[in-house]
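# Summary of structural features
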Amino acid sequence: EQWLRLEPANALAHYSAAVIYQGLNDLDRAESRYLRALGLGGLPPHLRYSARLNLGVVYHSKCDYDQCLHWSRLALEDKPDCAAATFNIASACLEKGDIAAAIRYCEKANALPPDFAKSKSTRLFALNLLQPYDAAMVYREHRRWGEEQQALHAASEPTRFAQAAEPTRRLRIGYVS
């Protein structure tokens, strides 16, 4: 805030304050500072993109999905291959009930680096809401996703020990303190 008092027309100061407020989950102040930074102009392109993307996140958190869509689309104008902005749009579409658009944008986000697991699971969730409902297709997609997740986490699985399935076997229970 001191930097802002010293240089109230400094877009970078407003942007920096917005990032801090967003991190503190003070969404109203974050929104205000991002808007001021963008309104002043002069942010380098990567920070303008970041401010737009973050405004989309702020508005999503505030359940203002129309504004989330607006700012996320502007972020995509700056960086068309941004999986995060594409997912923000998908998530806002889902919240607004536009299931088909949510699935389309999740698929776009899934095709972009980095691998965006949340987008994949959101798409899977949205498929359950799509009308007309195609149970066989939803089942196939769930199986495919499960196999993908199993392959991703196979290396981190704990060692499995053979256990007899005999109902009369003696159980050994130990306590660790």
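Let us look at the structure shown here.

### Comments concerning unusual backbone geometry
With an omega of -5 degrees, the peptide bond running from proline 113 to proline 114 counts as cis. Tracing the chain through its elements places proline 114 in the loop between helix 7 (99-110) and helix 8 (117-127). Look at the link from glutamine 131 to proline 132: it is a cis peptide, with omega at 0 degrees. When you line up the elements, proline 132 lands in the loop between helix 8 and helix 9 (135-153). Located in the positive-phi region is asparagine 25, a residue other than glycine, with phi close to 65 degrees. With a phi angle near 65 degrees, cysteine 63 is a residue other than glycine that sits in the positive phi range. Looking at the secondary structure, you find cysteine 63 in the loop between helix 4 (45-61) and helix 5 (65-78).

### Comments concerning the side chain of asparagine 10
Mapped onto the secondary structure, asparagine 10 falls in the loop between helix 1 (2-6) and helix 2 (11-23). Within the local environment of asparagine 10, its side chain forms a polar contact with the backbone nitrogen of leucine 12, the two atoms lying 2.9 Å apart. Side-chain polar atoms of asparagine 10 contact the backbone nitrogen of alanine 13, separated by 3.1 Å. If sequence neighbours within four positions are ignored, asparagine 10 has contacts with Trp3 and Leu40.

Cut-offs used in this document
- One numbering rule holds for all chains: residues counted from 1, following each sequence as written.
- Thresholds applied to this predicted model are a pLDDT of at least 70 for local features of residues and 80 or more for the giving and counting of side-chain atom pairs; totals over whole chains, interfaces and linings are not thresholded and use all residues.
- To get the side-chain values, take all heavy atoms of the structure and skip hydrogens and water.
- We count a stretch as a helix when DSSP gives it H or I for four or more residues in a row; a strand needs E for two or more, and each element gets its number in order from the N terminus.
- Under the rule applied, a polar contact is a pair of N or O atoms within 3.5 Å (in protein, one hydrogen donor and one hydrogen acceptor; residues adjacent in sequence only if both atoms are side-chain atoms).
- Here, residues are in contact when the closest pair of their heavy atoms is within 4.5 Å.

Geometry only, nothing functional implied.
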